[in-house]
Amino acid sequence: MSQFANYINGEWLQGASVNKNINPSDLSDVIGEYAQADAAQADIAIAAAHAAFPAWSTGNIQARSDALDKIGSEILARKEELGRLLSREEGKTLAEGIGEAGRAGNIFKFFAAEVLRIQGQKLASVRPGMDIEITREPVGVVGIIAPWNFPMAIPAWKIAPALAYGNTVVFKPAELVPGSAWAIADIISRSGIPAGVFNLVMGRGSVVGQRFIDDRRVTALTFTGSVSTGNRVAQGCIARMAKFQLEMGGKNPLVVLNDADLNVAVTAAVQGAFFSTGQRCTASSRIIVEKDIYPRFIEAARAQLAGLKIGHALSADTNIGPVVDQSQLDQNLSYIEIGKQEGASLVSGGERIKRDTDGFYMTPALFADCNNDMRISREEIFGPVASVIPADNYEHALQLANDTEFGLSSGICTTSLKHATHFKRHAQAGMVMVNTATAGVDYHVPFGGRKASSYGPREQGAYAAEFYTTVKTSYTAA
Ligand SMILES: NC(=O)C1=CN([C@@H]2O[C@H](COP(=O)(O)OP(=O)(O)OC[C@H]3O[C@@H](n4cnc5c(N)ncnc54)[C@H](OP(=O)(O)O)[C@@H]3O)[C@@H](O)[C@H]2O)C=CC1
Ligand SMILES: O=C(O)CCC(=O)C(=O)O
């Protein structure tokens, strides 16, 4: 059995215990045993990041840029192998896993270039003989708490900007996906980044994550995951006035108008709702369909779903892999029962199925005749389950789309420029999609939402500077 250690202060350290990493497509396949830090080891990592900060934050930006570029190049060169590991431990298909590994590589390369573009401003003063400079400085030690559903892209879009802007990092991946995190740490350990600047601290959220929340040396905390853990992070950070950023749930609407291209709409809905096994905060879990196209939409969606192959994530012909673990599967299946009890019509799927290997397989579930008040239309399920909600007209569809506590991504399928333009302006979401799925984003532009989906500055792209730097205004009297 391969054993994988934590990377702390430039050394590989065994943990207090180990965590078995199991393949959700085949429960007999143990990927490896990964170190689990206790609170004392988390403290050592925080101390190392704290000690490394002064030199790293004031160090040569060419060296910083070169290191990030080297990390990105290695990830890209090895994206097939890394994508395979990702799919093996998380369960998304091999094509999705390789795509995500490539995205992670590109993110490091993007921020390698951003290092050289850190900007300030020089302004005239209202007082004679005074100079004003506005500069950005790194925040300090950044604590990263990442989820399991994007095991490489999300850590990359937090680690790369943190390092690029001169911060040091303590990184806690989700327990379900330590393999991808370890592979990234291994690559970072060979990049020339000094000891202590980046630390991998695998371990339990309630132990390691909680240390990051509570320790005053962790000056900023970036989190992606559930709303309940996000609340805990927020309260802990507020209590000691630490900077924080949260990316949490979604209940993303995809509006389909009567004038939509049916094929475009059904493909956007099926891919957005069910690809990556629906385990995306951007998934199209509410499909709001105008009434004239409604019957044709349901039939075409049912036909497209019937053609999808559910199976082992690493099989070449699989369209949808397994659910990530038993508790997520139980949660999904319990929502199938809730939907039936609420009076929704199960058009397709929603069943636990068996395959050649023992994994967490279920068929993607499409509920029709839903309304927006049902629990299946309001609560984030985080699995391959979607509600179709009929709408009277565009205005009604927009009102339904915005009637949610979340506001991450929102989409519309239409051939009307007027409605597309109106929707882009009035959708209450951080990201709006026209004639494409609500999920699937570029790596160089802002990512994030409104309402209960997100808190704090946007992630990704040049906008990441808002979280990973702090602004200083300097006055110099002549
Ligand atoms: N919007 C999104 O991108 C995501 C949303 N979710 C939602 O969350 C639900 C549950 O998924 P889950 O993975 O358990 O999400 P969590 O919010 O529990 O986990 C996200 C991260 O937070 C860590 N964590 C857990 N408890 C604490 C704590 N007390 N203090 C600090 N960190 C903590 C986890 O560590 P550990 O893994 O060790 O528990 C993990 O690294 C899903 O069903 C889904 O609805 C989940 C993942 C992503
Ligand atoms: O849709 C995407 O490409 C990103 C989604 C995501 O980051 C998430 O589900 O957490």
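Definitions and limits used
Residues numbered from 1 in each chain as written. Chains lettered and ligands numbered in written order. Predicted model: local features only at pLDDT ≥ 70, side-chain atom pairs only at ≥ 80, totals over all residues. Heavy atoms only, no water. Helix = DSSP H or I, 4+ residues; strand = E, 2+ residues; numbered from the N terminus. Contact = heavy atoms within 4.5 Å. Polar contact = N/O pair within 3.5 Å; in protein donor to acceptor, adjacent residues only side chain to side chain. Phe/Tyr/Trp six-rings, centres within 6.5 Å; stacked < 30°, edge-to-face > 60°. Buried < 20%, exposed > 50% of the residue type's maximum accessible area, 1.4 Å probe, protein only. Lys NZ or Arg CZ within 6 Å of the ring centre and 35° of its normal. Pairing = 2+ DSSP bridges. Near = heavy atom within 4 Å. Areas by Shrake-Rupley, 256 points an atom, 1.4 Å probe, with all protein chains shown as cover. Nonpolar A, V, L, I, M, F, W, Y, C, P; charged D, E, K, R; others polar. Domains from an automatic or database assignment. Right-handed = clockwise from strand over helix to strand, strands pointing away. Axes fitted to C-alpha atoms, helices over the stretch in contact; angles between N-to-C directions. Parallel < 35°, antiparallel > 145°, perpendicular 65-115°, else oblique. Left-handed = near helix turned anticlockwise from the far one by under 90°. UniProt positions renumbered as here; feature names shortened; annotations may be inferred. Salt bridge = Lys/Arg side-chain N within 4 Å of Asp/Glu carboxyl O.

Draft legend 1. The arrangement of the environment of Trp157 in detail. Mapping Trp157 onto the fold places it in helix H5 (residues 153-164). Measuring from C-alpha to C-alpha, the distance between Trp157 and Arg240 comes to 25 Å, with 83 residues separating the pair along the chain. Excluding residues within four positions of it along the chain, Trp157 makes contact with Arg103, Ile107, Phe447, Glu459, Gln460 and Tyr468. One polar contact links Trp157 to Glu459, side chain to side chain, over a distance of 3.2 Å.

Draft legend 2. Expanded view of the packing of aromatic side chains. Applying the stated criterion across every chain yields a total of 11 aromatic pairs. Measuring from centroid to centroid gives 5.0 Å for Phe110 and Phe111, while their planes differ by 85°, and the two rings are edge-to-face. Phe111 shares its class with Phe110; the two are buried. Arranged with centres 4.9 Å apart and planes meeting at 90°, the rings of Phe467 and Tyr468 form a pair that is edge-to-face. In this pair, the class of Phe467 matches that of Tyr468, namely buried. Clustering of aromatic rings is evident, with ring pairs tying together Phe4, Tyr7, Trp12, Tyr34 and Trp182. Across the ring face of Trp56, the terminal group of Arg64 is positioned such that the distance to the ring centre comes to 5.8 Å. Positioned over the ring face of Phe150 is Lys92, at 3.6 Å from the centre of the ring.

Draft legend 3. Looking closely at the sheet that holds strand E5 (residues 26-36). Strand order in the open sheet formed by three strands is E1-E5-E4, with mixed pairing between adjacent strands. A single partner strand is all that each edge strand has here, and the edge strands are strand E1 (3-4) and strand E4 (17-23). Examined bridge by bridge, E4 and E5 share seven bridges and lie antiparallel to one another. The partner of Val18 across the bridge, within E5, is Ala35.

Draft legend 4. Spotlight on the side chain of Ser284. Take Ser284: it is sitting in the loop between helix H9 (262-274) and strand E14 (286-290). Setting aside chain neighbours within four positions, we find Ser284 in contact with Asn252, Leu254, Ala268, Gly272, Ala273, Ala386 and Thr438.

Draft legend 5. Expanded view of the site of ligand 1. Ala146, Trp148, Ser226, Met248 and Gln328 are the nearest of the 28 residues found near ligand 1. At 2.7 Å, a side-chain N or O of Trp148 approaches an oxygen atom of ligand 1. One of the backbone N or O atoms of Gly205 is found 2.9 Å from an oxygen atom in ligand 1. Out of a free accessible area of 860 Å², ligand 1 has 84% covered by protein chains. Mapped onto the shell around ligand 1, the elements with two or more residues apiece are helix H7 (205-214), strand E11 (218-224), helix H8 (227-239) and helix H11 (326-341). Of the residues forming the shell around ligand 1, the biggest block, five residues, is contributed by H7. Residues belonging to the shell around ligand 1 are distributed by class as follows: 11 nonpolar, 12 polar and five charged. Each of domain 1 (3-248 + 453-477) and domain 2 (253-434) contributes no fewer than three residues to the shell around ligand 1.

Draft legend 6. Summary view of the pairing of E14. Burial of E14 is extensive: five of the five residues sit out of reach of the surface. Taking every second residue as pointing to the same face, both faces of E14 are buried, with Arg286, Ile288 and Glu290 on one and Ile287 and Val289 on the other. Two elements, strand E13 (residues 253-256) and E14, share four bridges in a ladder whose sense is parallel. When the sheet's bridge partners are listed, Val256 is paired in E14 with Val289. For the crossover from E13 across H9 to E14, the handedness is right-handed.

Draft legend 7. Representation of the packing of helix H3 (residues 79-90) against helix H4 (residues 94-114). Between H3 and H4, the least distance of the axes is 7 Å, while the angle of their chain directions is 120°. Judged by the inter-axis angle, H3 sits oblique to H4. In the packing of H3 onto H4, the handedness of the crossing is right-handed. Every residue of H4 that contacts H3 at Lys79, Glu80, Leu82, Gly83, Arg84, Leu86 and Ser87 is listed here: Leu94, Gly97, Ile98, Glu100, Ala101 and Gly102. Here the contact of H3 with H4 is built from residues that sort into five nonpolar, four polar and four charged.

Draft legend 8. Up close: the UniProt feature "domain: Aldehyde dehydrogenase" (unreviewed entry) in the protein. Mapped onto this structure's residue numbering, the UniProt feature "domain: Aldehyde dehydrogenase" (unreviewed entry) falls at residues 19-473. Along residues 19-473, the helical share is 41% and the strand share 22%, with 47 Å between the first and last C-alpha atoms.

Draft legend 9. Just the pattern of salt bridges, in detail. Taken as a whole and assessed by the stated rule, the structure comprises 20 salt bridges. A salt bridge links Arg78 to Glu81; the shortest N-O distance between them is 2.8 Å. A salt bridge links Lys309 to Asp317, with the shortest nitrogen-to-oxygen separation between them at 3.5 Å. A residue is classified by how much of its surface remains accessible, and Lys309, at 37% relative accessible area, is partly exposed. Where salt bridges share partners, they join Glu74, Arg78, Glu81, Asp186 and Arg190 into one cluster.

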